[in-house]
Amino acid sequence: MQTKPDWKNQLQALHGESYLWSVSCCNYDKEMAKDVLQTVYLKIYDGKAIFNEKSKLITWLFAIIKFTSIDFMRRNNVRVVNRNESQEFSAEEVYEKDKESWFKKILHGLPKQQREVLMLAFYNDLTLAEIAPLLNISIGTVRTHYERGKENFRKQLLHYKLDIELL
Amino acid sequence: MKTEDDKLKDFFKKQMKEEINGVPDFEPMWQEAVTKHKSKQGQVWKIAASIALLATVGLVATRNRQDQKIDNIKQITSWNEPSKSLIPPPGSDLRVLTRWASPTDFLLPKNKQQIK
């Protein structure tokens, strides 16, 4: 059984990725994301969330963050709108909360599940099989979001006339 | 040669490194979790102590009520009938009999009366 210092070291190593994932889950509300992550750390410290070593630590941790963020958003009456997958979106339809870079504009402009799948696959090196239980969807659905997410992202790069190799 | 997916992945990684610079520090967040955990434990002890105190008070109150009932029972058993004074006690007529004097004693001469 892991001691509290072991937990602390492991969580510290994943802290940056955990926070960015929490921000994504909270629709880029950074204050809520911080509260969510705080609550997750408390759950782990209290022993309410126990790692059973059946999956990778990061997958387990991200699942807790995801479910905790859903609770927070319900409590704050925040409705999560999943964009219609077949709908064409314009570059102007971006989230207002973060306009620091065009990269964030494009990422924030993607439908939520496409964005989450791309972040988990590219930021955190998770496989599609690992992403599926975390988002509570099938592997087939994950693959669909992954492919469409990449396609939409590249469309927006073309729209902005950007070449990622030059950046 | 890198695939399109590899290039996209490298690009995302690079962007992530820039974003991580804006992440709040881990240590204060962890310490806050530790503090909240300790204060929760303190609250648990307070609640347990309150329950124990209430249980003790309840027990004492129940025993007092039982003692009260016993006292009431004792009062009933020691109850005296209010008209008791009107009724002579049993056996009191026997004393009357033992103290009975002959109504014709006065007819006997005084010196004979003295002989008993």
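Thresholds, definitions, all that
Counting restarts for each chain: residues are numbered from 1 in the order of the written sequence. Starting at A for chains and at 1 for ligands, labels are handed out in the order in which the entities are written. Owing to the predicted nature of the model, reporting of local features is limited to residues with pLDDT of at least 70; listing and counting of side-chain atom pairs is limited to 80 or more, with chain, interface and lining totals taken over all residues. Processing note: side-chain calculations cover all non-hydrogen atoms of the structure and skip hydrogens and water entirely. By definition, any uninterrupted DSSP run of H or I lasting at least four residues is a helix, any uninterrupted run of E lasting at least two residues is a strand, and each is numbered from the N terminus. Each residue gets one of three labels from its accessible area relative to the maximum for its type: buried under 20%, exposed over 50%, partly exposed in between, using a 1.4 Å probe on protein chains only. Throughout, a residue-residue contact means that at least one pair of heavy atoms, one from each residue, lies within 4.5 Å. With residues, only the protein chains shown are counted as cover, and all accessible areas are computed by Shrake-Rupley using a 1.4 Å probe. Residue types Ala, Val, Leu, Ile, Met, Phe, Trp, Tyr and Cys, when buried and joined through side-chain atoms within 4.5 Å, form a set referred to as a nonpolar core. Buried area counts how much accessible surface, traced with a 1.4 Å probe, disappears from two parts once they are put together, with both parts' losses summed. Salt bridge, as used here, is a side-chain nitrogen of Lys or Arg placed within 4 Å of a carboxyl oxygen of Asp or Glu. Identification of polar contacts relies on pairs of N or O atoms within 3.5 Å, with a donor-acceptor requirement for protein atoms, meaning one able to donate a hydrogen and the other able to accept it, and with residues adjacent in sequence counted only if both atoms are side-chain atoms. Stacked, edge-to-face and tilted labels apply to pairs of Phe, Tyr and Trp rings (six-membered ring for Trp) whose centres lie within 6.5 Å, assigned for plane angles under 30 degrees, over 60, and everything in between, in that order. Cation placement over rings: the criterion is NZ of Lys or CZ of Arg within 6 Å of the ring centroid and within 35° of the ring normal. Confidence of the prediction at every residue is given by pLDDT, a number between 0 and 100. Throughout, disulfides are identified as pairs of cysteine sulfur atoms within 2.5 Å of each other.

1. A short note on the overall build of chain A
Then, in step 1: A tally of regular secondary structure across chain A gives eight helices and zero strands.
Then, in step 2: Sequence-ordered secondary structure for chain A, helices as α and strands as β, is α-α-α-α-α-α-α-α.
Then, in step 3: Burial analysis of chain A (167 residues in total) assigns 51% to the buried set.
Then, in step 4: Counting contacts in chain A only where the partners sit at least 6 residues apart, residues at least 24 apart contribute 68% of the total.
Then, in step 5: Element-wise, carbon and sulfur atoms account for 50% of the exposed surface of chain A, whose accessible area totals about 8600 Å².

2. Describing the nonpolar core
Then, in step 1: Trp60, Leu107, Ile131 and Phe153 of chain A together with Phe12 of chain B are the most contacted members of the largest nonpolar core, which totals 63 residues.
Then, in step 2: With ten residues, the single largest contributor to this core is helix 4 (residues 57–75) of chain A.

3. Concerning the interface of chain B and chain A
Then, in step 1: Each partner contributes residues to the interface: chain B has 27 residues there, and chain A has 33 residues.
Then, in step 2: Summed over both partners, the interface of chain B with chain A comes to about 3300 Å²; 70% of that surface belongs to carbon and sulfur atoms.
Then, in step 3: Area buried by chain B at its contact with chain A is led by Phe12, Phe26 and Trp30 of chain B, which between them contribute 23% of it.
Then, in step 4: At the junction of chain B with chain A, the criterion picks out five salt bridges.
Then, in step 5: Its salt-bridge partner being Asp125 of chain A, residue Lys13 of chain B comes within 2.7 Å of it at the nearest N-O pair.
Then, in step 6: The interface formed by chain B and chain A holds eleven residue pairs in polar contact (both at pLDDT 80 or more) in total.
Then, in step 7: Sorting the residues of the side of chain B that touches chain A by element identifies helix 1 (4–20) and helix 2 (26–77) of chain B as the ones contributing at least two each.
Then, in step 8: It is helix 1 of chain B that provides the largest number of residues to the side of chain B that touches chain A, a total of 13 residues.

4. Notes on the packing of aromatic side chains
For any pair of aromatic rings, geometry is given as the distance between the ring centres together with the angle between the planes.
Then, in step 1: The tally for this structure, following the rule as stated, stands at 13 aromatic pairs over all chains.
Then, in step 2: Centre to centre, the rings of Phe103 of chain A and Phe11 of chain B are 5.5 Å apart; their planes meet at 80°, and the pair counts as edge-to-face. Of the two residues, Phe103 of chain A is situated in helix 5 (residues 102–109) and Phe11 of chain B in helix 1; the pairing between them involves two chains. The same class applies to Phe103 of chain A and to Phe11 of chain B, which are both buried.
Then, in step 3: Each ring, one from Phe26 of chain B and one from Trp30 of chain B, has its centre 5.8 Å from the other, and the planes form 20°; the classification is stacked. Separated by four residues within a single helix, Phe26 of chain B and Trp30 of chain B lie in helix 2, roughly one turn from each other.
Then, in step 4: Linked through ring pairs, Phe103, Phe122, Tyr123, Tyr146 and Phe153 of chain A together with Phe11 and Phe12 of chain B together constitute an aromatic cluster.
Then, in step 5: Geometry around Phe72 of chain A places Arg75 of chain A over its ring, the cationic atom sitting 4.8 Å from the centre.

5. Details of the pattern of salt bridges
Residue and element names in this part refer to chain A.
Then, in step 1: In this structure the tally under the stated criterion is twelve salt bridges over all chains.
Then, in step 2: Among the salt bridges present, the one from Glu147 reaches Lys150, with a minimum N-O distance of 3.6 Å. Pair noted here: Glu147 and Lys150 are both in helix 8 (residues 139–159), with a separation of three residues, about one helical turn.

6. Things to note about the confidence of the model for chain B
Then, in step 1: In this model, chain B carries an average pLDDT of 78, and 74% of its residues clear a pLDDT of 70 or more.
Then, in step 2: Mean pLDDT values for the elements of chain B range from 55 in helix 4 (residues 110–114) of chain B up to 86 in helix 1 of chain B.

7. Regarding the confidence of the model for chain A
Then, in step 1: For chain A, the average pLDDT comes to 82, and 80% of its residues sit at 70 or higher.
Then, in step 2: Overall, residues 81–99 of chain A carries pLDDT values under 50, and its contacts beyond four positions in sequence, including any with other chains, amount to 29 contacts.

8. Observations concerning unusual backbone geometry
All names here are of chain A.
Then, in step 1: If you check the backbone angles, Asn27 has positive phi at about 55° while not being a glycine.
Then, in step 2: Take Asn27: it is sitting in the loop between helix 2 (15–25) and helix 3 (30–46).
Then, in step 3: Residue class for Asn27 comes out buried when judged on its relative accessible area of 10%.
Then, in step 4: Positive phi, close to 60°, is recorded for Asn136, a residue that is not glycine.
Then, in step 5: Note that Asn136 resides in the loop between helix 7 (128–135) and helix 8.
Then, in step 6: The class for Asn136 is exposed, based on a relative accessible area of 64%.

9. A closer look at the state of the cysteines
All names here are of chain A.
Then, in step 1: Across all of its chains, the model carries zero disulfides over all chains by this definition.
Then, in step 2: Free cysteine Cys25: the closest other cysteine sulfur is in Cys26, separated by 6.4 Å.
Then, in step 3: On the basis of relative accessible area, Cys25 is assigned to the buried category, the value being 1%.

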